[in-house]
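The lines below spell out each chain.
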Amino acid sequence: MRNRFFIIAALLALLAACYKDKGNYDYNVPEKPIITNLDTVYSVFVGDSLIIKPTIQYSDPAKLSFDWKIAIPELTSDLSFNGPEIRTVFGLGANRYRGKLTITDNSNGMKYFHDFIVSGKTNFSQGTTVLSLHNGETKLSFIKPDGTVQPDIYEAANLGEKLGGKPRQLIGLRHASIEPWHTTSYWVFTDEGEKGVQIDSYTMKKIKNLSGNFFIPPSTLAPGNFSPTQMESMNGVINGKLYVGMTQTWNKNPLYNMFGNPAEGDYNLFEQAAFNSVMPYFLGYDKVRKQVVAFTNFGNPAYIGTGYQVVGSAFDPRSLGLDLLFFVQVNDGNCFAVGKDASGTLKEIKFGVEFMGIILIKPEYIRNFSQPSLVTPTTKWTNSPGEIFYFTSGDKIYRYNPTNEDFRQLTTNFEGKEVTMIKLIDGGNTMLAGTEGTLYHLDVSTGKFGDIIKKQTGIPGLTIDAVIRNDP
């Protein structure tokens, strides 16, 4: 009992002391240096002067010291500068480098940190890279922002080396964790698979051939279509098998984005697969068994074939019996395909997909494509995020809305030349369309049907693909 009395008395005394404490303290907030005119990104051409000169507001600047560091990840080191500004010749490569300014108030030891990025640029940092077919040869050209075309840029940058085979596809690799995005390299794919090539986007010099992107390359390489990811890697169909670029290491590691073994299994894929970027699955179409097949993707793709569940009876995805012409998944959601049945009738299908621990396929419809005469052996297809489809038909492009089966010809006159490529950019609001010698930028935003935004000429041969680069 006595112990309890003493404890209670001590608590009452402590409370009384706290009650008498009126909290009258004098606290002076230390002055903080105000930094202005310090940008988040500094773009500088290789070999030019890098000048970073912020404005500092502080009552006694002599009390401040300045430490600048620019990290060079590929060398695991950094550049260091002291003083209130940086003035130097930029001798690093054409890449993006993270920088940090540390300001120290030597009167009290307080430190203030400011981050920025130095973006090394070359003449290829802004413009359009174009893949074309000229006199049976694959060509790579670069269109400058002023419209000047630099043809055969790959040959010029690689001591006359040519790109082998007939061109199929051009993609640019980017990394979502680096803001703002910038294009780090290109891949050119041709029908001579082993001669597909990765190209440095800043110098146009070859990095490696497609065969060099395998830990153990197959004896032959027959490329289908490839899809770039948000992780500076790519997935694709090669020899009818599914390949996924490795991302389990640092993106500057030489092994990054390399291909290991394909997803093992008895299947032979159509050239286009649906590479879902959100859920842990991929979809493909077995062109021999003529059925939709699936792959799980928990770090490494695994073929599960028709081991999915089907909800609905509009059609059986395990037994479609179509020879596909086009296959796509829109916004990681609904899938669409166009193909011919055994009688040669052109069909279109739509099905939904969900992942609930297992893959659920929800067939919506299979029906005759209502304008089959517009589809030719050279027809190209593309689609918007809003499930609006576009396809070429000779020297024309058609917009197709499958919801109401509405077809509309785009208004652009291609001067009687066959349209050899179409691609949507800007969230589906702008279309790139190519013909012999020309790349068109068309307005296909809401209520627009292909008004010409600009027209770039001087491309050698037939335009096959294009990537716009506008790095800051």
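Structure report, in brief. (Residues numbered from 1 in each chain as written. Predicted model: local features only at pLDDT ≥ 70, side-chain atom pairs only at ≥ 80, totals over all residues. Heavy atoms only, no water.)

## Let's talk about the overall build of the protein
Moving on, step 1. A count of helices and strands for the protein gives 2 helices and 35 strands.
Moving on, step 2. Taking 2.2 N^0.38 as the reference for a compact globule, 472 residues should give roughly 23 Å; the C-alpha atoms of the protein span a radius of gyration of 29 Å, well beyond that estimate.
Moving on, step 3. In terms of its C-alpha atoms, the protein occupies a principal-axis envelope of roughly 95 × 70 × 50 Å.
Moving on, step 4. Contacts spanning at least 24 positions in sequence make up 50% of the contacts within the protein whose residues lie at least 6 apart.
Moving on, step 5. Per element, the accessible surface of the protein, about 23100 Å² overall, is 52% carbon and sulfur. (Helix = DSSP H or I, 4+ residues; strand = E, 2+ residues; numbered from the N terminus. Rg over C-alpha atoms; globule rule 2.2 N^0.38 Å. Contact = heavy atoms within 4.5 Å. Areas by Shrake-Rupley, 256 points an atom, 1.4 Å probe, with all protein chains shown as cover.)

## Quick look at the environment of Arg-318
Moving on, step 1. One can find Arg-318 in the loop between β24 (309–310) and β25 (323–329).
Moving on, step 2. In sequence terms Arg-318 and Asp-286 are 32 residues apart; their C-alpha atoms lie 9.7 Å from each other.
Moving on, step 3. Not counting residues up to four positions away in its chain, the partners in contact with Arg-318 are Gln-291, Thr-306, Tyr-308, Gln-309 and Val-310.
Moving on, step 4. Reaching out from Arg-318, the side chain makes a polar contact with the backbone oxygen of Tyr-308 at a distance of 2.8 Å. (Polar contact = N/O pair within 3.5 Å; in protein donor to acceptor, adjacent residues only side chain to side chain.)

## Points about the nonpolar core
Moving on, step 1. Grouped together as the largest cluster of nonpolar side chains are 22 residues, with contacts concentrated most on Leu-50, Ile-52, Trp-68, Ile-70 and Phe-116.
Moving on, step 2. Listed by contribution, the elements that provide at least two residues to this core are β2 (41–45), β3 (49–52), β5 (64–72), β8 (96–105) and β9 (110–121).
Moving on, step 3. Per element, the largest residue contribution to this core is 5 residues, and it comes from β5.
Moving on, step 4. If we ignore the near neighbours within four places in the chain, the residues touching Ile-70 are Leu-50, Ser-77, Asp-78, Leu-79, Phe-81, Ile-86, Leu-92, Tyr-97, Arg-98, Gly-99, Phe-116 and Val-118.
Moving on, step 5. Membership of the second largest hydrophobic core comes to 21 residues, among which are Phe-270, Phe-351, Val-353 and Phe-355. (Core = buried A, V, L, I, M, F, W, Y, C linked by side-chain atoms within 4.5 Å. Buried < 20%, exposed > 50% of the residue type's maximum accessible area, 1.4 Å probe, protein only.)

## Overview of the pattern of salt bridges
Moving on, step 1. Under the definition given, this model contains 22 salt bridges.
Moving on, step 2. With its nearest N and O atoms 3.3 Å apart, the salt bridge here joins Arg-367 to Glu-348. On the criterion of sequence distance, the pair formed by Arg-367 in strand β28 (residues 359–368) and Glu-348 in strand β27 (residues 346–355) is long-range, its members being 19 residues apart.
Moving on, step 3. Among the residues examined, Arg-367 registers a relative accessible area of 22% and is labelled partly exposed.
Moving on, step 4. Residue classification places Glu-348 among the buried residues on the basis of a relative accessible area of 2%. (Salt bridge = Lys/Arg side-chain N within 4 Å of Asp/Glu carboxyl O.)

## Here's the deal with the sheet that holds strand β26 (residues 335–340)
Moving on, step 1. The strand order β24-β28-β27-β26-β25 describes an open sheet built from 5 strands, whose pairing is mixed. Here the strands that pair on one side only, and so sit at the sheet edges, are β24 and β25.
Moving on, step 2. Pairing geometry for β24 and β28, over 2 bridges, is parallel. Bridge pairing links Val-310 to Ile-361 in β28. (Pairing = 2+ DSSP bridges.)

## A closer look at empty space enclosed by the protein
Moving on, step 1. Per the counting criterion, the structure on display carries 1 cavity of 30 Å³ or more.
Moving on, step 2. In this structure, the largest cavity occupies an estimated 60 Å³ of space.
Moving on, step 3. What lines the largest cavity is simply Phe-326, Phe-336, Ala-337, Val-338, Glu-348, Ile-349, Phe-369, Trp-381, Phe-389 and Tyr-400.
Moving on, step 4. If you list the elements that add at least two residues to the lining of the largest cavity, you get β26 and β27.
Moving on, step 5. In terms of residues, the lining of the largest cavity owes the most to one element, β26, which gives 3 residues.
Moving on, step 6. Within the lining of the largest cavity, the residues separate by chemical class into 9 nonpolar, no polar and 1 charged. (1 Å grid on protein atoms, 1.4 Å probe; cavity = no way out; pocket = protein on both sides within 12 Å on 5 of 7 lines; lining within 4 Å. Points joined across faces, edges and corners; volume = space filled by probe spheres on them. Nonpolar A, V, L, I, M, F, W, Y, C, P; charged D, E, K, R; others polar.)

## Thoughts on the packing of aromatic side chains
Moving on, step 1. For the coordinates displayed, the defined rule picks out 28 aromatic pairs.
Moving on, step 2. For the ring pair Phe-315 and Phe-351, a centre distance of 6.4 Å and an interplane angle of 70° mean the geometry is edge-to-face. Of this pair, Phe-315 sits in the loop between β24 and β25 while Phe-351 sits in strand β27, and the two are 36 residues apart along the sequence. Taken individually, Phe-315 and Phe-351 each receive the classification buried, so the pair is uniform in this respect.
Moving on, step 3. Each member of the aromatic cluster is reached from another via a ring pair, and the members are Phe-326, Phe-336, Phe-369, Trp-381, Phe-389, Phe-391, Tyr-398, Tyr-400 and Phe-407.
Moving on, step 4. Its end group placed over the ring of Tyr-365, Arg-367 keeps NZ or CZ at 4.0 Å from the ring centre.
Moving on, step 5. Note that Arg-469 overlies the ring of Tyr-202, its terminal NZ or CZ placed 4.1 Å from the centroid. (Phe/Tyr/Trp six-rings, centres within 6.5 Å; stacked < 30°, edge-to-face > 60°. Lys NZ or Arg CZ within 6 Å of the ring centre and 35° of its normal.)

## A word on the pairing of strand β22 (residues 291–297)
Moving on, step 1. Counting buried positions over the 7 residues of β22 gives 6, a clear majority of the element.
Moving on, step 2. Relative to β22, strand β21 (residues 281–286) is paired through 6 bridges, and the arrangement is antiparallel. What sits directly across from Asp-286, in β22, is Gln-291.
Moving on, step 3. Between β21 and the antiparallel strand that follows it, β22, lie 4 residues; Lys-290 among them carries a positive phi value of about 60°.

## Here we look at the sheet that holds β22
Moving on, step 1. Across the sheet, which stays open at both edges, the 4 strands sit in the order β20-β21-β22-β23 with antiparallel pairing between neighbours. The open sheet has two edge strands, β20 (274–275) and β23 (301–305), and neither has a second partner.

## Some points on the environment of Asn-331
Moving on, step 1. Relative to the helices and strands, Asn-331 is located in the loop between β25 and β26.
Moving on, step 2. Assessed through its relative accessible area of 55%, Asn-331 is described here as exposed.
Moving on, step 3. It is 12 Å that separates the C-alpha atoms of Asn-331 and Ile-388, two residues lying 57 residues apart in sequence.
Moving on, step 4. One polar contact links the side chain of Asn-331 to the main-chain carbonyl oxygen of Pro-385, over a distance of 2.9 Å.

## A look at the layout of surface pockets
Moving on, step 1. A volume near 400 Å³ is recorded for the second largest pocket.
Moving on, step 2. In terms of lining, the second largest pocket is formed by 20 residues, of which the most central are Ser-185, Gln-198, Ile-207, Glu-232 and Asn-251.
Moving on, step 3. Secondary-structure elements contributing two or more residues to the lining of the second largest pocket are β14 (185–190), β15 (197–200) and β16 (206–209).
Moving on, step 4. Broken down by class, the residue content of the lining of the second largest pocket amounts to 7 nonpolar, 9 polar and 4 charged.

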